[in-house]
Number of protein chains: 2
Amino acid sequence: MDPKRFLPLTPAVFQILLTLADGERHGYGIVREVEQRSEGRAHLGLGTLYSTIKRLLAEGLVEQSQWRLDPALDDERRRYYRLSELGRRAAVAEAERLVELVADARAKKLLAAPEVQG
Amino acid sequence: MDPKRFLPLTPAVFQILLTLADGERHGYGIVREVEQRSEGRAHLGLGTLYSTIKRLLAEGLVEQSQWRLDPALDDERRRYYRLSELGRRAAVAEAERLVELVADARAKKLLAAPEVQG
DNA sequence: CCCTAATGTATCCGCAGTGATTATATCCAC
DNA sequence: GTGGATATAATCACTGCGGATACATTAGGG
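Residues numbered from 1 in each chain as written. Chains lettered and ligands numbered in written order. Predicted model: local features only at pLDDT ≥ 70, side-chain atom pairs only at ≥ 80, totals over all residues. Heavy atoms only, no water.

Undergrad: Looking at this structure, how should I read the overall build of chain A?
TA: Scanning chain A from terminus to terminus reveals 4 helices and 3 strands. Reading chain A from its N end, one meets helices and strands in the order α-β-α-α-β-β-α. Taking the principal axes of the C-alpha coordinates as reference, chain A spans close to 50 × 35 × 30 Å. When the 118 residues of chain A are sorted by exposure, 42% land in the buried category. If you take every contact in chain A between residues at least 6 apart in sequence, the share linking residues at least 24 apart comes to 51%. When the accessible area of chain A is evaluated, it comes to approximately 6700 Å², of which 52% is carbon and sulfur surface. Side-chain charges in chain A split into 19 positive and 18 negative, and the spacing between the mean points of these groups amounts to 4 Å. (Helix = DSSP H or I, 4+ residues; strand = E, 2+ residues; numbered from the N terminus. Buried < 20%, exposed > 50% of the residue type's maximum accessible area, 1.4 Å probe, protein only. Contact = heavy atoms within 4.5 Å. Areas by Shrake-Rupley, 256 points an atom, 1.4 Å probe, with all protein chains shown as cover. Lys, Arg positive; Asp, Glu negative; His and termini not counted. Charge placed at Lys NZ, Arg CZ, Asp CG, Glu CD.)

Undergrad: Any chance you could explain the sheet that holds strand β2 (residues 62–65) of chain A here in plain terms?
TA: Hydrogen bonds along the backbone pair up the strands of a sheet, which may run parallel or antiparallel. Residue and element names in this part refer to chain A. Read across the open sheet, the 3 strands follow the order β1-β3-β2; overall the sheet is antiparallel. Of all the strands in the sheet, the pair left with one neighbour each is β1 (25–26) and β2. Judged from the 2 bridges that link them, β1 and strand β3 (residues 80–83) form a sheet pairing that is antiparallel. What sits directly across from R25, in β3, is Y81. On the sheet, helix α1 (residues 11–20) packs against β1, β2 and β3 and is oriented at approximately 95 degrees with respect to β3. The strands touched by helix α3 (residues 46–59) within the sheet are β2 and β3, with β2 carrying the most contacts at an inclination of about 100 degrees. (Pairing = 2+ DSSP bridges. Axes fitted to C-alpha atoms, helices over the stretch in contact; angles between N-to-C directions.)

Undergrad: What exactly am I supposed to notice about the environment of A72(A) here?
TA: Residue and element names in this part refer to chain A. With respect to the secondary-structure elements, A72 resides in the loop between β2 and β3. Looking at A72, the relative accessible area reads 68%, which means it is exposed. For A72 and L44, which are 28 residues apart along the polypeptide, the C-alpha to C-alpha distance reads 28 Å.

Undergrad: How do you make sense of the pairing of β3(A) when you look at a structure like this?
TA: Consecutive side chains of a regular strand alternate in pointing toward one face of the sheet and then the other. Bridge count between β2(A) and β3(A): 4 bridges; the pairing is antiparallel. Among the inter-strand pairings, S65(A) is bridged to a residue of β3(A), identified as Y80(A).

Undergrad: Help me understand the interface of chain A and chain B, please; the structure alone is not making it clear to me.
TA: Taken together, the contact pairs 30 residues of chain A with 30 residues of chain B. Between chain A and chain B, a total of about 2700 Å² is buried, with carbon and sulfur atoms accounting for 67% of that surface. Across the contact surface, chain A and chain B share 8 salt bridges. Elements represented by at least two residues in the side of chain A that touches chain B include exactly α1, α2 (27–37) and α4 (85–107) of chain A. With 12 residues, α4(A) is the largest single contributor of residues to the side of chain A that touches chain B. Along the lines of polarity and charge, the residues of the side of chain A that touches chain B split into 15 nonpolar, 4 polar and 11 charged. (Buried area = accessible area lost by both parts, 1.4 Å probe. Salt bridge = Lys/Arg side-chain N within 4 Å of Asp/Glu carboxyl O. Nonpolar A, V, L, I, M, F, W, Y, C, P; charged D, E, K, R; others polar.)

Undergrad: Is there a simple way to explain the packing of aromatic side chains in this structure?
TA: Given two aromatic rings, one states the distance between the centres and the angle between the planes to describe the pair. Residue and element names in this part refer to chain A. Enumeration according to the criterion identifies 1 aromatic pair over all chains in this entry. Geometrically, the ring pair formed by W67 and Y80 is edge-to-face, given 5.0 Å between the ring centres and 75 degrees between the ring planes. Here the residue W67 occupies a position in the loop between β2 and β3, and Y80 occupies one in strand β3, the gap between them amounting to 13 residues. Above the face of the F6 ring, R5 is positioned so that its terminal group lies 4.6 Å from the ring centre. (Phe/Tyr/Trp six-rings, centres within 6.5 Å; stacked < 30°, edge-to-face > 60°. Lys NZ or Arg CZ within 6 Å of the ring centre and 35° of its normal.)

Undergrad: So what exactly am I meant to see when it comes to the pattern of salt bridges here?
TA: Oppositely charged side chains may form a pair once their charged atoms are brought near each other. Residues and elements named next belong to chain B. Here the structure, examined in full by the defined rule, presents 24 salt bridges over all chains. When the shortest N-O distance is used, the salt bridge between E24 and R82 registers 3.6 Å. Of this pair, E24 sits in the loop between α1 (11–20) and β1 (25–26) while R82 is found in strand β3 (residues 80–83), placing the two residues 58 residues apart along the sequence. A residue is classified by how much of its surface remains accessible, and R82, at 31% relative accessible area, is partly exposed.

See below:
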């Protein structure tokens, strides 16, 4: 299964996969992490979140998980999700695509060249 | 006028602005350059191209130009476009946003850290 | 306790962007 | 002069986005 067939990922999809890349999260928690990580520059609407997750589950990029926080701290309503292997490879492929885009932007002098690039 | 109000740019819009960043182009020529620069990985449909350019003109990110190639080599039908100052700043802002996304992807270990980064 | 706000999941629906298709015309090579 | 590539443009169905809404639960303050 070639992850490139999902490219380009939409901003919403990439933000969700990115958020799940280092651990499981529940829906609402994803929205808050995106908000925090981007310092408010990226926003994920609730309508987008749940419809997108539904699609990602159907496509097999994301899986539902039984993972639970310490019950004392957790909330029964939460549904946790994790990246599938395919989802991870799709996220990597998208990240590589973005690296190319940035390189193109540098080639077009929209960005300064990095000070040092090994 | 804050270019950030246009973010995030859609893939089609960014590809068009990127193409115009180092010189004037006509519509069909933009499609071909995108195809070539990405080595076929990015594709810009004709329907997308012309409707998007129309919108970009209305938003003032792109301007029509009187520029002409040597008449012997040029084609009367062509309409040339160039980046406006606002368009350039929007493209830069988008490129910077992509740099942040790539950094996020590195932080989440989706990509290896760059070998050297000054 | 109760009230409110925040948390949490979920659906609905209008809107915007995409891109295939179609139409039309011109350019160029043979 | 015929055919295929070039070129612009409008139409149209499809998808993704995100605000609005609904509803239930949880947390905290008075």
